[in-house]
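Read off the chains here:
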Amino acid sequence: MAGFLFRRLLNYVVLIVVATSLAYMLAAGALNPRANYEGRNPPIPPAVVDARLTELNLNDKTPLFERYLTWAGGVAHGDFGTMVTGGPVNEDLARRLGVTLRLITIGLVLGSVTGVLVGAYAAVRQYGAFDRVSTGASFFVLAIPTVVLANMLIIAAVWVNGLLPQPIVYVSGEFSAGSTGGFWAQAVDRVQHLILPTISLSLGLIAVYSRYQRNMMLDVLGADFIRTAMAKGLRRRTALIKHALRTALIPAVTYFAFTFGALLVGTTFTEKIFGWHGMGEQLVNSIYTNDVNSVAAISCFAAFAVLVASLASDVLHAVLDPRVRVG
Amino acid sequence: MSIADEEHAEELAGVEKIGTPSRLKVVAGRFFRSGQGRIGFALLVAMFLLAFAGPHLNKWSYTDKDFSAFLAPPSAEHWWGTLQTGADVYAVTLRGMQKSLIVGLLAAVVGTGLAAVVGAFAGYFLGWTDRTLMWVTDLLLVLPAFLILAIMSPLFAEGQWLLFVLMLALFLWMVTSKIVRSMTISLKEREFIHAARFMGVHPMKIIFRHVIPNLSSLLIVDATLNVSAAILTETSLSYFGFGIQPPDVSMGSLIADGAKTAVYAPWTFWFCAGLLIVTVLAVNLVGDSLRDAFDPTARRNR
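Given the structure is predicted, the values throughout are model-derived calculations rather than measurements.

**A look at the overall build of chain A**
Here's step 1: Of regular secondary structure, chain A possesses 12 helices and zero strands.
Here's step 2: N-terminal to C-terminal, the α/β element order of chain A is α-α-α-α-α-α-α-α-α-α-α-α.
Here's step 3: Projected onto its principal axes, the C-alpha positions of chain A cover 85 × 65 × 40 Å.
Here's step 4: Sequence separation of at least 24 residues holds for 73% of the intrachain contacts in chain A that already meet a minimum separation of 6.

**Details of unusual backbone geometry**
All names here are of chain A.
Here's step 1: A positive phi angle, close to 65°, is found at tyrosine 127, a residue other than glycine.
Here's step 2: Phi is positive for asparagine 290, which is not a glycine, with a value near 60°.
Here's step 3: Of the residues examined, asparagine 290 has 19 C-beta atoms within 10 Å and is grouped as partly exposed.

**Quick notes on the interface of chain A and chain B**
Here's step 1: Counting residues at the interface gives 36 residues for chain A and 31 residues for chain B.
Here's step 2: Those elements that place two or more of their residues in the side of chain A that touches chain B are helix 1 (2-30), helix 5 (129-142), helix 6 (146-163), helix 9 (236-274), helix 10 (279-288) and helix 11 (292-320) of chain A.
Here's step 3: For the side of chain A that touches chain B, the leading source of residues is helix 1 of chain A, giving eight residues.
Here's step 4: Broken down by class, the residue content of the side of chain A that touches chain B amounts to 31 nonpolar, five polar and no charged.

**A look at the environment of A:Leu110**
Residue and element names in this part refer to chain A.
Here's step 1: Mapped onto the elements, leucine 110 comes out in helix 4 (residues 89-124).
Here's step 2: Judged by the 17 C-beta atoms lying within 10 Å of it, leucine 110 is partly exposed.
Here's step 3: The spacing of leucine 110 and serine 202 is 92 residues in sequence and 6.6 Å in space, taken between C-alpha atoms.
Here's step 4: Non-local contacts of leucine 110, meaning those with residues more than four positions away in its chain, are made with Thr198 and Ser202.

**Section: the confidence of the model for chain B**
All names here are of chain B.
Here's step 1: Looking at chain B as a whole, the pLDDT averages 82, with 90% of positions reaching at least 70.
Here's step 2: Of all secondary-structure elements in chain B, the lowest mean pLDDT belongs to helix 1 (residues 3-13), at 57, while helix 9 (residues 191-198) reaches the highest, 90.
Here's step 3: Reported confidence for the predicted complex is 0.81 by ipTM and 0.83 by pTM.

**Overview of the nonpolar core**
Here's step 1: Judged by nonpolar contacts, the single largest core of 160 residues is most densely connected at A:Ala303, B:Leu168 and B:Ile255.
Here's step 2: With 18 residues, the top contributor of residues to this core is helix 4 (residues 89-125) of chain B.
Here's step 3: If we skip the residues at most four places from it in the chain, B:Ile255 touches A:Val147, A:Val148, B:Thr235, B:Tyr239, B:Phe269, B:Cys272 and B:Ala273.

Rules used in this analysis
Residues numbered from 1 in each chain as written. Chains lettered and ligands numbered in written order. Predicted model: local features only at pLDDT ≥ 70, side-chain atom pairs only at ≥ 80, totals over all residues. Helix = DSSP H or I, 4+ residues; strand = E, 2+ residues; numbered from the N terminus. Contact = placed C-beta atoms within 7 Å. Buried ≥ 20, exposed ≤ 12 C-beta atoms within 10 Å, placed from the backbone. Nonpolar A, V, L, I, M, F, W, Y, C, P; charged D, E, K, R; others polar. pLDDT = per-residue confidence, 0-100. Core = buried A, V, L, I, M, F, W, Y, C linked by C-beta atoms within 7 Å.

Dropping the structure here:
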């Protein structure tokens, strides 16, 4: 078991290293940081630009592999290099990490729990009104791309706010700049900013999980062990929650690892559109500004996050399925 | 009893020959019997007609700019209004839809084909082939697709949209190929594959003649659902300016423009967003009904 775990972790580390290196090579090859200094008035002398680019390890006159080695040497010591604006990438991303993790965690928990509950309830009441409405709604939500959903939410919020004397949800940023007031006023302000991005992120998840959970639950509900559980005198509710839901959760947990990558991308769009200064926003911005080092650091984070999710899904699988623990 | 005898026995017993309907007929029958399938199919046909026949009904083309009407609401002159640049919303939206549909279809077909080949090779040969291919699959799952496509976006300019389609397909196949692999492993132990192998049929021929056709139902469903995935990815990339490059338009770039003016000029956003949602919804409905139609054990009481 320990050997298996070790091999698995080693494989993960290799995957992260290769993925990050590939992302760096691609970014360094395709993005053109020199363009940031062109078209200025007065024009910057080429020698100055060269010196500056070399300082940032972004000079396209240095061979790609040499730049890669310099960069990799820094990363091995935990330093992801410098942004095009001059600040260290590490500091910038550390600040943004908190923002992104908060958004992802709240969205993920809210989305998956609600989705699983909706799906399970729909399956228990198959072809009931709730089942039909939730199936139709999830089909509809799955057809809306995150970028459109976020904009629809903003339009709706602007309309609602216009009807009310005071805005109840804010469409941009994490908190109101310069807001004063006690702890509670601050907290309410943050929640008002959090509502829309969270909905935009978790609505898609709810749709995916409710569809999936409904199908799994339907398969399980007809199984013999549920009949046995009720025959031995368990109440219907206990049988459904302890036996049916738990068994039907196992495939959903496996599915979790696959949806996590999509969730990261969804976070990127949500952050960018709602003006949250998180990792995802920086990803889009760093491509606009040809910031190779930031791009590589963010892809390293993304690869790491996807693998942590897949590890977490394995652990959850073992918790839910006793056969995995024994085998 | 030989086969001839059996036929004879059947005749003796007075059993009428029952014509077995072809698989295509059975699946099509099941598909069109479900309301969901009918709605999805009708919507999809309508979307295709609108995208490819619709532009001929309009006197404005997607490159025209009407300098007498900027951000004008829908009227007899401009059916769906105009954008800030004076472009006709009807014309540019349909042009964007054409692009999105073509890109989505091509990327899905290429992606599913890739999934079938990689999965079947890994599952059939196992050993080192399997390990290498699955490692590459894992690597692509770990690489953030959006980021890679976005970085490569400068290469898609100047009509290189086919390259964009290929790159899109490159990030669509991983999950399917894992399913294909595990199905191939079990298929490999079936008698007809054994028979082919012992007769000395070349492994390549076995894979393309026997393995992949036997997975066709999974692949068809997957290709359909990949169309919507590809359209969604394309839209998101184009929204941020990383996909289809100007002067060409796509749903994503139109939605990005429309979103800026949506609050006071709703027609710039809602026609485009609405059509996109309907298209993806139709594709998903078709894919879901196809899955049910192919599945002989599916419950059919809708």
